[in-house]
Amino acid sequence: MTARDSRTLGSRVPGGGRISIENSRLTRWALSGLGVILLLVFWQAVATLLGLDPQYFPSPIDVMDALQRTWPTLTDALPHTLAAAVVGYLIALVLSIFTAMVLVANERLLNALMPFIIGVNTVPRIALTPLVIYWVGFISLSATFLANYVMAVWVAFFPMLIAALDGFKNIDEATENMLAMYGATTWQEFKFVRLRKGLPFIFDGMKSGFILAMIGTVVGEFVSGTFGIGSMASSVIGQIAIGRAIAIVLVLGFISSGVVFLIYQIESQLIFWQESSIMGEE
Amino acid sequence: MSNQTTGSSQGTNAASRESLISFNSVDKIYGRDSAAEESVAALEDVNLDIERGEFVSVVGPSGCGKSTLLHMAAGILESTNGTVEINGIAVQSDEHQRNEVGLVFQHPVALEWRTVRKNLLLPVQILKENGEIEGDMDHYRERADDLISLVGLEGFESSYPNELSGGMQQRVTLTQALIYNPSVLLMDEPFGSLDAMTKGELNLELLRIWNETEKTILFITHDLDEAVFLSDRVVVLSPRPGQIVDEIEIDLERPRSEDTRGTERFVELATELRQHFKRL
Amino acid sequence: MATASNRPFAKARQWIRRQIPTVLAGALFVVAWAVIARLINNNRIFASISYTISGVMEHSTDISIKLTETFTSVIVAFVLAVLLGIGLGLIVAEISTIRQMALPVVIFAYAVPHPILAPMFIIWFIIGGDITIFTFTGPSAYLFDSVTAAQAETAIAINGVTTFGAWVGFFPVFISTITGMNSLEERFEHFGTLLGASRWQMVKHFRFWRALPNITSSIKATVQLSIVGVIVAEFIASSSGIGYEIVLAWKTNALGYMFGVILIIMIGAYLFYQIVVWTLKVLTPPGSV
Ligand SMILES: Nc1ncnc2c1ncn2[C@@H]1O[C@H](COP(=O)(O)OP(=O)(O)O)[C@@H](O)[C@H]1O
Ligand SMILES: [Mg+2]
């Protein structure tokens, strides 16, 4: 069976790894739907039958109720959070690809900077949140919200950079020899091979990068308290309003999964020569 | 540069007069500059001249430096000592003409996102952009179609590499090397990963193409029968560091066919070659 | 030629050689810090090395107590994440119906920016109370005369901070267990069938070992993630751990203290990572890490 066939059939080539799927597409969708429904029914049943206090252990219906009540505030807050996350994400994306290209083209520079890049990528960058807010606040107290943008870039940039580096370096010896043989220039190497070979890696980075940008923004809002979903969620702690907390999680989760799914769709359209996966190659 | 005049006008030493490819006292030592690794002497004092139109095979145990030898002729690797010349021009010099040399790799190097046709035109794109070859793209497109039928890939022009079998992918790699019409073809165990049937088929096809296009071929293999079947001359390399220890003229009649493999002379030559190998 | 007696020596030399880039990067970091601090020359914008050291010294007992608390939480979170990740991963990988049913939830849980869940975890433990497994007197009581045993008391507990840390760290292990288990090569599958191996035997002898390299590499990611989870939870669960100390430093504009605490977290994270990698190397067959 050729890769094309297996793609149109929606089945997997054996030995592919990832979460493998052997049934027909319809069964899979049905099972997935059933899973969600079962979860909701089970949750509702437990809450109702045990007579749990809805303030502490809300049922799905209570959560929907809470969602409805917080909806106006939520829609006010969302644009602030999304703007910071999306703008920060795009900046980090462009910056990471550009930096990776420069570094791969200059191997010396790459070797010199690699320990630093790996180092920054392995430490908990999120711990710098208060410092970032402090610095941004130092420049202009009225623009503290900009710290959330900076946090999105700071958290998302390095993993995306490493993904792009891995992608651009993902070139086998035979192809490398071929390029040397035809005397391809560095730019030609990128144009004809590296940019394409790097795509699957870059897309994997883009998927987790978006989630990371959201994480950076939300934590920024947690700490700085600027208006947004993050500060809304942290204020719920004092009010012990668990229903609202879950409602906020659902909204942000759907937006985030939606974006990740969108990126995945673009990826599988663009990279037709190999299989893509939603959660990347982990 | 005109090919015919090379020999007569600037022949200073006898060896390079007729030879198209020549290795002059070539050594290759890997990892000499980097202190971290130990250095590996891959080739030692290799002298080899290949005439225009000749089909020469190099055989030797694995790891003896066959690929190294070829990569130096292709300009991918630099020799540690000595020079490799094509048409009397050092491969490493600026005057080296890339369009004179084609390389068929051991494994297919077709890019997965390009169709067969586009893969075939990749070398042209790169070489043209860099001013190494002339001619307009349409000329090469026509040539691509000719080559596709030459190697029997009709109907697969718009297929992607992962829709092709290993043998077909290797045909694509072969056409990639032929597209800009180099006079030298370097082949590194091109059929090594194929099954015996496909290999035999492609052997015949290679001879046919060689005959039609009058290429000079330097062919690397570890299959002794294949070497005897294809070549005018077989060169035997010793284990590492690779040195030329033997050369055997293959005086089998041409054109050769599947029947050639059954002739007495073929068996004789193959046996002789095996003996040489045993002595290593 | 290497004899048995000088082989460890050669190994040690090799190890030192491999550390050179890290040490160099560290040295470069210190130099860059000193140079930038000199250029800016304002401890309110960029704390110099000496200002940072004095900030740390001033709060040394606080830092010591909070750091113990945080890293105890990190260890609890990390252990929970790894155990739950492997356990649930094994179950989900084995039963394809569950796998398919859980898929939407798994994708949702993967894609949701995890900090948004932290308030939920914290509220639940405010309501239900922490589950303390046991308490011990932290090292701070022995290190500083001024710290009493009661102040240094540290709890190994299941609470909002540790469960959230575990949640954040759980995913890579969970996913890679499933992935690894399902990438067993077909020939082993056939081999097992040939021998009549039961499902559990397949897991025990083949699938788990196939997944091990995936799991160990994901555990490395979990190290960082459980630290991130714990610190994020501490940011918002007031008055706990080193995470809250950074926020406090920010609120009091104590930049030297803030620099110091962040640096200590980074160094702690690095050491914890190295310890985990080393432990994995010792515990698993060669080539798994
Ligand atoms: N880039 C390299 N660095 C160091 N050693 C190499 C490198 N490439 C090849 N070698 C060594 O040189 C020897 C010859 O390699 P090669 O030419 O590939 O052999 P063959 O093609 O005959 O199998 C081998 O022993 C190989 O290990
Ligand atoms: Mg070889």
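Because the structure is a prediction, the values reported are computed rather than measured. (Residues numbered from 1 in each chain as written. Chains lettered and ligands numbered in written order. Predicted model: local features only at pLDDT ≥ 70, side-chain atom pairs only at ≥ 80, totals over all residues. Heavy atoms only, no water.)

## Points about the arrangement of the chains
Basically, it comes down to this: Should any heavy atoms of two residues lie within 4.5 Å, those residues are considered in contact.
By number of contacts, the leading pair among the two pairs of chains in contact is chains A and C. You won't find any contact between chain B and chain C; their C-alpha atoms come no closer than 10 Å.

## Thoughts on the sheet that holds strand β6 (residues 101-104) of chain B
All names here are of chain B. This is how it is decided: Whether two strands pair comes down to DSSP finding at least two bridges between them. Comment: elements are numbered from the N terminus, with helices defined as DSSP H or I runs of at least four residues and strands as E runs of at least two. Axis geometry follows a simple rule: fit a line to the C-alpha atoms, using only the stretch in contact for helices, then measure angles between N-to-C directions, giving values from 0 to 180 degrees.
Spatially, β6-β7-β8-β3-β9-β10 is the arrangement adopted by the six strands of the open sheet, whose pairing is mixed. Of all the strands in the sheet, the pair left with one neighbour each is β6 and β10 (244-249). Strand after strand, the sheet turns through a mean of 15° between neighbouring axes, direction not considered.

## Thoughts on the packing of aromatic side chains
Aromatic ring pairs are defined here through the distance separating the ring centres and the angle between the ring planes. Using the following cut-off: Pairing of aromatic rings covers Phe, Tyr and Trp, the last through its six-membered ring, and needs centres within 6.5 Å; plane angles under 30 degrees mean stacked, over 60 mean edge-to-face, and all others mean tilted. Burial here depends on accessible area, computed with a 1.4 Å probe over protein chains only, as a share of the maximum for the residue type. Under 20% is buried, over 50% is exposed, and the range in between is partly exposed. Remark: a charge is flagged as sitting over a ring if the NZ atom of Lys or the CZ atom of Arg is within 6 Å of the ring centre and within 35 degrees of the ring normal.
Under the defined criterion, the tally for this structure stands at 30 aromatic pairs over all chains. Arranged with centres 6.1 Å apart and planes meeting at 5°, the rings of W135 of chain A and F46 of chain C form a pair that is stacked. Of the two residues, W135 of chain A is situated in helix α5 (residues 129-139) and F46 of chain C in the loop between α1 (7-40) and α2 (49-58); the pairing between them involves two chains. Ring plane angle 85° and centroid distance 6.3 Å describe the contact between F171 of chain C and F174 of chain C, whose orientation is recorded as edge-to-face. Residue F171 of chain C and its partner F174 of chain C are both found in helix α8 (residues 160-182); the two are separated by three residues, about one turn of the helix. For the pair formed by F171 of chain C and F174 of chain C, the shared burial category is buried. Ring-pair connections join several aromatic residues into one group, and the members of that group are F121, F164, W167, F170, F171 and F174 of chain C. Against the face of Y30 of chain B rests K28 of chain B, its NZ or CZ located 5.4 Å from the ring centre.

## What to know about the interface of chain B and chain A
Selection rule: Two parts placed together each lose some accessible area; with a 1.4 Å probe, that loss summed over both constitutes the buried area. Salt-bridge detection follows one rule: a side-chain nitrogen of Lys or Arg within 4 Å of a carboxyl oxygen of Asp or Glu. Put simply, Ala, Val, Leu, Ile, Met, Phe, Trp, Tyr, Cys and Pro go in the nonpolar bin, Asp, Glu, Lys and Arg in the charged bin, and everything else, Gly too, in the polar bin.
On the side of chain A, 22 residues touch chain B, which itself brings 25 residues to the contact. In total, about 2,300 Å² of surface goes out of reach between chain B and chain A, with carbon and sulfur atoms giving 64% of it. Counting across the chain B and chain A interface gives two salt bridges. For K197 of chain A, the salt bridge is made with E112 of chain B, and the minimal N-O distance between the two is 3.8 Å. Per element, the largest residue contribution to the side of chain B that touches chain A is six residues, and it comes from helix α4 (residues 116-129) of chain B. Considering only residue class, the side of chain B that touches chain A consists of 14 nonpolar, six polar and five charged.

## Notes on the site of ligand 1
Residues and elements named next belong to chain B. Quick note on the threshold: Neighbouring residues are identified by heavy atoms, a residue being near a molecule or strand if any of them is within 4 Å of it. As used in this structure description, the phrase polar contact means that two N or O atoms lie within 3.5 Å; if the pair is within protein, one of them must be able to donate a hydrogen and the other to accept it, and residues adjacent in sequence are counted only when both atoms belong to side chains. Note that accessible areas follow from Shrake-Rupley with a 1.4 Å probe, and for residues the cover is restricted to the protein chains shown.
Close contacts around ligand 1 come from Y30, A42, S62, G63, C64, G65, K66, S67, T68 and R240, and that covers them all. Take C64: an N or O atom from its main chain is 3.2 Å from an oxygen atom of ligand 1. For ligand 1, whose accessible area on its own is 550 Å², the fraction buried by protein is 63%. Sort the elements by how many residues they give to the shell around ligand 1 and helix α3 (residues 66-74) lands first, with three residues. Of the residues in the shell around ligand 1, the class split is three nonpolar, five polar and two charged.

## Brief notes about the sheet that holds strand β4 (residues 81-86) of chain B
All names here are of chain B. A sheet is described by the order of its strands in space; here four strands give the open sequence β2-β1-β4-β5, paired in antiparallel fashion. A strand with exactly one partner marks an edge of an open sheet, and here the two such strands are β2 (40-51) and β5 (89-90). Summarising the sheet, β4 and β5 pair through two bridges and their orientation is antiparallel. From the neighbouring strand, E85 faces β5, where its bridge partner is A90.

## Some remarks on the packing of helix α3 (residues 60-105) of chain A against helix α10 (residues 242-270) of chain A
All names here are of chain A. Counted only if it meets this: What sets the label is the angle itself: under 35 degrees gives roughly parallel, over 145 gives roughly antiparallel, 65 to 115 gives roughly perpendicular, and the rest give oblique. Handedness of each helix crossing follows the sense of rotation of the near helix against the far helix: counterclockwise by less than a right angle gives left-handed, clockwise gives right-handed.
Relative orientation of the contacting elements α3 and α10 amounts to 45°, with a least axis distance of 9 Å. One finds that α3 runs oblique with respect to α10. In the crossing of α3 with α10, the sense of the turn from one axis to the other is right-handed. Here V63, A66, L67, T70, W71, L74, L78, L82 and Y89 of α3 lie close against α10, whose contacting residues are G243, R244, I246, A247, I248, L250, V251, L252, I255 and I263.

## What about the interface of chain A and chain C?
Opposite the 64 residues of chain A that make contact, chain C presents 57 residues. There are zero salt bridges connecting chain A and chain C. Linking chain A to chain C there are six residue pairs in polar contact (both at pLDDT 80 or more). Among the secondary structure elements, those contributing two or more residues to the side of chain A that touches chain C are α2 (25-49), α4 (107-122), α5, α8 (186-224), α9 (229-239) and α10 of chain A. The class makeup of the residues in the side of chain A that touches chain C is 45 nonpolar, 14 polar and five charged.

## Description of the pattern of salt bridges
According to the stated counting rule, one finds 25 salt bridges over all chains in the structure shown. In this structure, R69 of chain A and D65 of chain A form a salt bridge, with 3.6 Å as the shortest nitrogen-oxygen distance. Taken together, the residues span about one helical turn, with R69 of chain A and D65 of chain A both in helix α3 at a distance of four residues. Taking relative accessible area as the criterion, D65 of chain A reaches 40% and is therefore assigned partly exposed. A salt bridge links K207 of chain A to E267 of chain A; the shortest N-O distance between them is 2.7 Å. Taken together, the residues K207 of chain A in helix α8 and E267 of chain A in helix α10 connect sequence positions 60 residues apart. Taking the relative accessible area as the measure of exposure, K207 of chain A reaches 0% and is therefore buried. Assessed through its relative accessible area of 3%, E267 of chain A is described here as buried. In this structure, a network of salt bridges that share partners links the residues E94, E189, R199 and R207 of chain C.

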